[in-house]
Structure formats: structure tokens, C-alpha cells
Amino acid sequence: MLIIASSNGAIGMEHAMRALKSGGSALDAVEIGIRLVEANPEEHSVGYNGYPNILGELELDASIMDGRTLDSGAVALLRGFPYAISVARQVMERELPHVFLAGEGAERFAREIGAEAWDEMLTEAVREAWRKRLAPTRLAQKRLALDLRDLPEDAPLLGLVTMATDSERVVGTVNFIAIDANGEIASGVSTSGWAWKYPGRIGDSPIIGAGNYADSRYGACACTGMGELAIRAGTARSLVVYLKMGMSLGAAAWQAMMDLRDLGGDFIGGMNLIALDRNGEHVGMSSRAGAGYIYQTADMDSYQECEREVVRIPERWGSQARE
Ligand code: GLY
């Protein structure tokens, strides 16, 4: 039994491991671990107190994958329901021939199954951070005291989003991957997406194959960072396919990161992944130095932190290259 997670998963690790030890499945462990991150008031990239989009609205994305069957469930742009990972799991497990629900349909589904709903998701501290971030921008200068939700429906947001978002500090996500007592693997990802994103923007987290993939025969991978990159490169599925082709875990992870170096375009930020194989080997990689991840096996009393290996991806933001 093994669980690996992004570092912000620490708050959920103990309960997730307890679930595995008491006979729970890898899926149970992943859901339990992620729910505790979604409920963490200190966490601003996942769950109810995540940073909102440019209009001050919180839109949550999540996915979960069962490596036994390659079944999966995902939601995107979910509003008013704090536990996006549980709604995603229900998309997978209810009698429904779909994998991925977004926006109003996802909310309707969440209501229909009786998922926990909250009237107010954002705390005043997060609203204040949003106001401060938006204040120096051109449009907000004109409307400083206004709630941007009062903007006319067709107000231009393009320039505003490019100014307000900055890949150095706007992304964050939680990853959990578990192997249970039967050797089955599950993976889950949850996020509030980029802070100050364009409304309707969906990242890699709910996209199976991009930010999340599990196959018990080979292994699993989950991503954090600038989701646009993992969508374009199909990062999580690529890593698992490299395992299937016979690569070692380290080589597969390195290749999945190196694939990101082929991406052109004006906006290239940071990317991170964690992965494990069916033998319980695990790895974390990041395009930036200093990042870690955590893991725990059944015989450990608590989780341990590991450094991620660095695979540099040249970053750029608009016309500006970054070191
Ligand atoms: N990796 C999370 C996101 O880009 O939304």
C-alpha cells in the first residue's frame, strides 16, 4: 500500500492511509485525501476557499480515475459545491454513460445526487486578495470600488486577464495517487484553477489523460502547474504509455516532462508531476527547483517529503522570456 501526493496533500495523508489500512480501496483513499484539502481554509488553489476567476467567481475542476477499469469521472466549472472530487467520483459511479460534466450541467448533477452545497464559498480574505490583485489593472482602475461581477455582460476581459494572471503564482492543485492492498491504483486531482482566470477556463485537472491518468497494469501520473501545457502534451497519459512501452518510471517521467519542451506559443509556465508504477516505485518532477511531494507506505507512521527532480522548461510570458 502506498500513497503519493502533492505537498499540499499533507493534511489528507493520514486519513487516506487509514482508509487503505482498514481495507478501503485506492479510490476511497484518493477521495478522502483530496476532500480534506478541499476543506482546508489555508488552501487557496483547491476547494471552497480557492482564488476565484477574474469576475470573483469560484469555478472548481476535479477528476478521479479507477486504474482497474480505466473508468473515470470529472467535473469542471463547478460552482457552489465544495467537494468537487466527490462529485467527480459520482459522475463515474452513478448510472450515467458520461465521464465529464461541466458548468450548469455539473451543478444540476451535483444537486440531483444531493452533493453537499454551500451558499458562500469564498472567505472575505480571498475576496480582499482578489480586489487587491485587480486594483492595479486598467479596467479596475476605472471601477476601483466596484465588484467586477457588476460589469456589463460583454465587457472586454482579455487584456485584464493577461495582466492579472501570472503563471509564477496563480496555479495550484492537489494530486493524490494510491495503490491499495489488492495492488489496484487510483488517481485524483482537484483545483480551483488559475487565480483570476478568464471565466470558463478549464485546466488539465479534470481532463483525463492531461492532468490525471491511472492504469493498474502500469502506473499512474497526476500533474500540477500550468494546466494548458499538460492538456497540449497529454502529459499524464503519455507517462503511463511510456511505462506501457517498457520504460522505467524515471525515464517515463523524464520523457513526459521533456515533451513539454516541444510546445511553442507565447505562454509557457511551470509544470510538475508525480507518478508511480505498479511495483510501488514513485517519482516527482518539476520544471522549477525547490518543489517537493509526499509519500507514505502502510508501514510508515507518517508521510515523508521528497524533492522533485528538476527538468527545466524554458518559460515565457507574452514576449518576455524567463530564466
Ligand atoms: N493545474 C491546474 C490548472 O492549470 O488548472
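Located above this text is the structure these notes cover.
Here is a short report on the structure shown in this document.

Cut-off values and rules
Every chain begins its residue count from 1, and numbering advances along the sequence as written. Totals for whole chains, interfaces and linings use every residue, but because this is a predicted model, local features are given only for residues with pLDDT of at least 70 and side-chain atom pairs only at 80 or more, for both listing and counting. Excluded from the side-chain calculations are hydrogens and water; all other atoms, namely the structure's heavy atoms, are used. A run of H or I in DSSP becomes a helix once it reaches four residues, and a run of E becomes a strand once it reaches two; helices and strands are each numbered from the N terminus. Relative accessibility thresholds used throughout: buried, under 20% of the residue-type maximum; exposed, over 50%; partly exposed, between the two (1.4 Å probe, protein chains only). Here, residues are in contact when the closest pair of their heavy atoms is within 4.5 Å. The Shrake-Rupley method, run with a 1.4 Å probe sphere, supplies the accessible areas, and residue values consider only the shown protein chains as cover. Whether two strands pair depends on DSSP finding at least two bridges between them. Axis definition: a line fitted to C-alpha atoms, over the contacting stretch in the case of helices. Angles run 0 to 180 degrees between N-to-C directions. The near set for a molecule or strand comprises every residue that places at least one heavy atom within 4 Å of it. By the criterion applied in these results, polar contacts are pairs of N or O atoms within 3.5 Å in which, for protein atoms, one can donate a hydrogen and the other can accept it, and in which residues neighboring in sequence qualify only through two side-chain atoms. Cavities and pockets were defined on a 1 Å grid built over protein atoms only: a cavity is a set of grid points that admits a 1.4 Å probe from which the probe cannot escape, a pocket is an open set flanked by protein on both sides within 12 Å along at least five of seven lines, and lining residues are those with an atom within 4 Å of any such point. Being in a pocket or cavity means that more than half of the molecule's atoms lie within 2 Å of its grid points. Ten residues, namely Ala, Val, Leu, Ile, Met, Phe, Trp, Tyr, Cys and Pro, are considered nonpolar, four, namely Asp, Glu, Lys and Arg, are considered charged, and the remaining ones, Gly among them, are considered polar. For this analysis, a ring pair means two rings from Phe, Tyr or Trp (six-membered ring only for Trp) whose centres lie within 6.5 Å, classed as stacked if their planes differ by under 30 degrees, edge-to-face if by over 60, and tilted for the remaining angles. Oblique is the label for every angle not falling under 35 degrees (roughly parallel), over 145 degrees (roughly antiparallel), or within 65 to 115 degrees (roughly perpendicular).

What about the overall build of the protein?
And step 1. Check the secondary structure of the protein and you find 10 helices and 16 strands.
And step 2. With 323 residues in all, the protein has 56% of them scored as buried.
And step 3. Sequence-distant contacts in the protein: of pairs separated by 6 or more residues, those separated by 24 or more amount to 68%.
And step 4. Accessible area of the protein: about 13900 Å², with a carbon and sulfur share of 48%.

Quick look at the pairing of strand E6 (residues 185–191)
And step 1. The buried count for E6 comes to 7 of 7 residues, which makes it a mostly enclosed element.
And step 2. Burial of the side chains of E6 extends over both faces: Ile 185, Ser 187, Val 189 and Thr 191 are buried on one face and Ala 186, Gly 188 and Ser 190 on the other.
And step 3. Bridging between strand E5 (residues 174–179) and E6 involves 6 bridges; their strand directions are antiparallel. Within E6, the position partnered with Ile 177 by the bridge is Ser 187.
And step 4. Adjacent in sequence and paired antiparallel, E5 and E6 are bridged by 5 residues, among which Gly 183 carries a positive phi angle near 80°.

Section: the sheet that holds strand E1 (residues 2–6)
And step 1. One open sheet accounts for 8 strands, arranged E4-E3-E2-E6-E5-E1-E12-E13; its pairing is mixed. Since the sheet does not close on itself, it has two edges, and those belong to strand E4 (100–102) and strand E13 (304–307), each with one partner. Between one strand and the next, the sheet's axes are offset by a mean angle of 15°, whatever the strand orientation.
And step 2. The pairing of strand E3 (residues 71–78) with E4 spans 3 bridges and is parallel. Bridge assignment links Val 75 to a residue of E4, and that residue is Leu 101.
And step 3. With respect to the sheet, helix H1 (residues 10–21) is in contact with E1, E5 and strand E12 (292–297), its orientation differing from that of E1 by roughly 160°.

Looking at the site of the ligand
And step 1. Taken together, Thr 173, Gly 193, Trp 194, Arg 201, Gly 203, Asp 204, Ser 205, Gly 225 and Gly 227 make up all the residues around the ligand.
And step 2. A distance of 3.2 Å separates a nitrogen atom of the ligand from a polar atom in the side chain of Thr 173.
And step 3. The contact in question runs from a nitrogen atom of the ligand to an N or O atom on the backbone of Gly 225, over 2.8 Å.
And step 4. When the ligand sits alone it has 200 Å² of accessible area, and the protein chains cover 100% of it.
And step 5. For the ligand, the cavity whose grid points lie within 2 Å of the majority of its atoms is the largest cavity.
And step 6. Its residues placed into classes, the shell around the ligand shows 1 nonpolar, 6 polar and 2 charged.

Section: the environment of Val 126
And step 1. With respect to the helices and strands, Val 126 occurs in helix H5 (residues 124–134).
And step 2. Among the residues examined, Val 126 registers a relative accessible area of 1% and is labelled buried.
And step 3. A sequence separation of 74 residues divides Val 126 from Pro 52, and the C-alpha atoms of the two residues are 8.2 Å apart.
And step 4. Look past the residues within four positions of Val 126 in its chain and what remains in contact with it is His 44, Asn 49, Gly 50, Tyr 51 and Pro 52.

Digging into the packing of aromatic side chains
And step 1. Summed over all chains, the structure comprises 5 aromatic pairs.
And step 2. Ring geometry for Tyr 51 against Trp 196: centres 5.1 Å apart, planes inclined by 35°, an arrangement best described as tilted. With Tyr 51 in the loop between helix H2 (26–38) and strand E2 (60–66) and Trp 196 in the loop between E6 and strand E7 (212–215), this pair connects stretches of sequence that are 145 residues apart.
And step 3. Given the relative accessible area of 24%, Tyr 51 is considered partly exposed.
And step 4. Pairing Phe 267 with Trp 317 gives two aromatic rings, centres 4.8 Å apart and planes at 80°, and the pair type is edge-to-face.

As for the side chain of Ser 190
And step 1. Looking at the secondary structure, you find Ser 190 in strand E6.
And step 2. Classification of Ser 190 as buried rests on a relative accessible area of 1%.
And step 3. Reaching out from Ser 190, the side chain makes a polar contact with the side chain of Glu 38 at a distance of 2.6 Å.
And step 4. If near-sequence neighbours (up to four positions away) are discounted, Ser 190 is found in contact with Ile 34, Glu 38, Val 46, Asp 61, Ala 62, Ala 84, Thr 173 and Val 174.

Structural notes on the pairing of strand E10 (residues 271–277)
And step 1. With 7 of its 7 residues buried, E10 lies for the most part within the structure.
And step 2. Neither face of E10 is exposed, since Met 271, Leu 273, Ala 275 and Asp 277 on one face and Asn 272, Ile 274 and Leu 276 on the opposite face are all buried.
And step 3. As defined by bridge partners, E10 adjoins strand E11 (residues 282–286) across 5 bridges and the pair is classed as antiparallel. Of the residues in E11, the one forming a bridge with Leu 273 is Met 285.
And step 4. Hairpin remark: E10 followed by E11, antiparallel, with 4 residues in the connecting loop; positive phi at Gly 280, about 90°.

Some details on the packing of H2 against helix H3 (residues 84–93)
Between two packed helices, both the angle of their axes relative to each other and the distance between the axes serve to describe the pair.
And step 1. Running from amino to carboxyl end, H2 crosses H3 at an angle of 150°, the nearest separation of the two axes being 8 Å. One way to sum up the angle between H2 and H3 is to call them roughly antiparallel. In this structure, H2 uses Leu 27, Asp 28, Glu 31, Ile 34, Arg 35 and Glu 38 to contact H3, whose residues at the interface are Ala 84, Ile 85, Ser 86, Arg 89, Met 92 and Glu 93.
And step 2. Grouping the constituent residues of the contact of H2 with H3 by class yields 5 nonpolar, 1 polar and 6 charged.

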